[in-house]
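# Coordinate inspection notes
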Amino acid sequence: MQDQFHKSESLKILLTGGAGFIGSHVIRLFVNKYPEYEIYNLDALTYAGNLENLEDIEAADNYTFLKADINNAVEINNLFEKYNFDKVIHLAAESHVDRSIADPLAFVRTNVIGTMNLLNAAKALWKDNFKDKLFYHISTDEVYGTLGETGLFTETTSYDPNSPYSASKASSDHFVRAYGETYGLPYIISNCSNNYGPNQFPEKLIPLFINNIIQNKQLPVYGDGKYTRDWLYVIDHAIAIDLAFHQGKTKSTYNIGGFNEWQNIDLVKLLCKIMDEKLDRVQGTSEGLITYIKDRPGHDKRYAIDASKINKELGWKPSVTFEEGLEKTIDWYLNNEDWLKNVTSGKYQEYYNNQYKK
Ligand code: NAD
Ligand code: DAU
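All values derive from a computational prediction rather than experimental measurement. (Residues numbered from 1 in each chain as written. Chains lettered and ligands numbered in written order. Predicted model: local features only at pLDDT ≥ 70, side-chain atom pairs only at ≥ 80, totals over all residues. Heavy atoms only, no water.)

We now examine the sheet that holds strand 10 (residues 252-256). If you walk across this open sheet you meet the seven strands as 3-2-1-4-5-6-10, and the pairing is parallel. Each edge of the open sheet is held by one strand with a lone partner, namely strand 3 (63-67) and strand 10. When the angles between neighbouring strand axes are averaged without regard to direction, this sheet yields 20 degrees. Packed onto the sheet, helix 5 (residues 104-126) meets strand 1 (12-16), strand 4 (87-90) and strand 5 (134-140) and runs at close to 165 degrees relative to strand 5. Of the strands in this sheet, strand 5 and strand 6 (187-192) touch helix 6 (residues 164-183), which is tilted by about 155 degrees from strand 5. (Pairing = 2+ DSSP bridges. Helix = DSSP H or I, 4+ residues; strand = E, 2+ residues; numbered from the N terminus. Axes fitted to C-alpha atoms, helices over the stretch in contact; angles between N-to-C directions. Contact = heavy atoms within 4.5 Å.)

Put into structure tokens, the structure is as follows:
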């Protein structure tokens with residue numbers, strides 16, 4: 001099926017948020033794997049967007065970068081008209097829960113209004129002739145709220161978001177679905193669990209703690225540390241997106257997860273152990289940096305994904321074990337200290353001091 005699709009004529013694909021963490025891995029996969037496609041990376045280059053993530057593919061013939069803000073409807077409409085995109089993969093978002101607690105409106109603007117601007121631009125360009133068109137919206141498992149000790153999120157779990165971030169993502173999912181039902185816009189939504197891997201901005205748990213261990217800084221664990229997340233290596237997410245984009249059923253949703261649940265404190269202790277080995281430090285040195293701090297408000301207790309639908313329909317499953325993925329991730333950060341230094345200069349310090357002030 002994929003080959004048949006693959007041989008079809010050149011596609012113009014708009015990918016939003018391609019300078020961010022997950023987007024850059026998806027861009028790299030598509031640019032390298034599909035030389036016949038034209039890949040357009042639209043990104044506003046917020047604090048989370050970094051073209052350094054794409055240095056290895058920026059000169060490729062099938063790649064174009066467009067600096068634009070999805071909040072600017074006029075600019076977005078003009079770009080759709082100018083480039084005549086066939087398909088959209090929408091990743092651009094404000095993505096960090098703690099920032100959403102500090103500034104919820106920024107999340108409404110980008111995640112809700114920005115998504116609406118893209119939906120409207122696609123609808124206007126495609127003029128109700130939706131043959132071979134697709135709006136693929138990348139979302140999160142956080143829209144389902146929180147789980148107790150047992151159970152998994154499935155595609156039919158009710159939405160029950162608890163943070164301004166997850167509420168904004170839930171809202172955007174609803175709008176995408178509504179455009180499908182109301183106007184016939186062909187869409188796919190996938191809801192993924194926590195990603196980790198190279199190029200993740202050091203505000204999220206794993207890269208933040210790697211950076212702090214390197215610098216011998218405290219490791220701020222929220223609450224009792226017994227919150228559970230389901231971790232997936234970012235390249236496995238990119239592979240799932242490729243499959244869903246090419247072979248997924250339109251007007252449907254796919255859950256993507258790692259089958260890999262960890263309580264935060266156990267994950268942090270494993271990270272400390274590997275980092276002590278890599279940095280030739282006495283075992284226990286990094287664990288000594290763990291500091292329990294005030295809990296995140298509205299903190300979801302547990303996320304865990306049932307990814308059996310994408311497994312059965314599209315044959316996807318994670319290819320990397322957590323131990324392998326974590327080791328690759330740590331090695332990447334240790335070998336790319338300049339990247340870390342660049343992204344943690346300037347505004348980062350201001351954010352850090354505000355978020356972790358005593
Ligand atoms: P990220 O914060 O690393 O990157 C977001 C990108 O979007 C950045 O390049 C940023 O410059 C760009 N952007 C932000 N606002 C923009 C705007 N107004 N206009 C244009 N570009 C803008 O995010 P990520 O972790 O790579 O997440 C990507 C997508 O995947 C998001 O939609 C997120 O909700 C979803 N997701 C993330 C995870 C995860 O664990 N990180 C898991 C599931 C789903
Ligand atoms: O589940 C998918 C979601 O995963 C994505 O949609 C989000 O974009 C992504 O940010 C992530 O959300 P989380 O809130 O789960 O990720 P974060 O890395 O911020 O936190 C992971 C866990 O670690 C969570 O229980 C909070 C805790 N934590 C986090 C930070 C930053 C701490 O204990 N201390 C910290 O300093």
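The discussion continues.
The next thing to look at is the site of ligand 1. Around ligand 1 sit 30 residues, and of these Ile22, Asp43, Ser95, Tyr165 and Lys169 come closest. Measuring from an oxygen atom of ligand 1, one finds a side-chain N or O atom of aspartate 43 at 2.5 Å. At 3.0 Å, a backbone N or O of isoleucine 70 approaches a nitrogen atom of ligand 1. Alone, ligand 1 offers 840 Å² of accessible surface; in the complex the protein occludes 96% of this. Residue assignment for the shell around ligand 1 shows that the elements contributing at least two residues are helix 2 (21-33), strand 5, helix 6 and strand 7 (194-196). Class assignment for the residues of the shell around ligand 1 results in 14 nonpolar, twelve polar and four charged. (Near = heavy atom within 4 Å. Polar contact = N/O pair within 3.5 Å; in protein donor to acceptor, adjacent residues only side chain to side chain. Areas by Shrake-Rupley, 256 points an atom, 1.4 Å probe, with all protein chains shown as cover. Nonpolar A, V, L, I, M, F, W, Y, C, P; charged D, E, K, R; others polar.)

Once that is clear, we can look at the pattern of salt bridges. On inspection of all chains with the given rule, the structure shows 13 salt bridges. Lysine 33 is paired through a salt bridge with aspartate 242; the nearest N and O atoms lie 2.6 Å apart. Of this pair, lysine 33 sits in helix 2 while aspartate 242 sits in helix 8 (residues 234-247), and the two are 209 residues apart along the sequence. With a relative accessible area of 35%, lysine 33 lands in the partly exposed category. (Salt bridge = Lys/Arg side-chain N within 4 Å of Asp/Glu carboxyl O. Buried < 20%, exposed > 50% of the residue type's maximum accessible area, 1.4 Å probe, protein only.)

The next subject is the nonpolar core. Counting 41 residues, the largest nonpolar core has Ile13, Ile27, Phe30, Ile89, Tyr136, Ile310 and Trp316 as the members making the most contacts within it. Going through the elements one at a time, strand 1, helix 2, strand 5, strand 6, helix 8, strand 10 and helix 10 (308-314) are the ones with two or more residues in this core. The element best represented in this core is helix 8, accounting for six residues. Residues within four places of tyrosine 136 in sequence aside, it is in contact with Val88, Ile89, His90, Ile188, Ile189, Ser190, Ile241, Ala244 and Phe245. Core analysis: the second largest hydrophobic core is formed by 36 residues, Val221, Trp262, Ile330 and Tyr356 among them. (Core = buried A, V, L, I, M, F, W, Y, C linked by side-chain atoms within 4.5 Å.)

Nonpolar side chains collect at one region of the surface, where Leu105, Val108 and Ile113 lie side by side and expose about 240 Å² of accessible area between them. Secondary-structure assignment places leucine 105 in helix 5. (Patch = residues over 30% accessible without salt bridge, like charges linked within 9 Å, V, L, I, M, F, W, Y side chains within 5 Å.)

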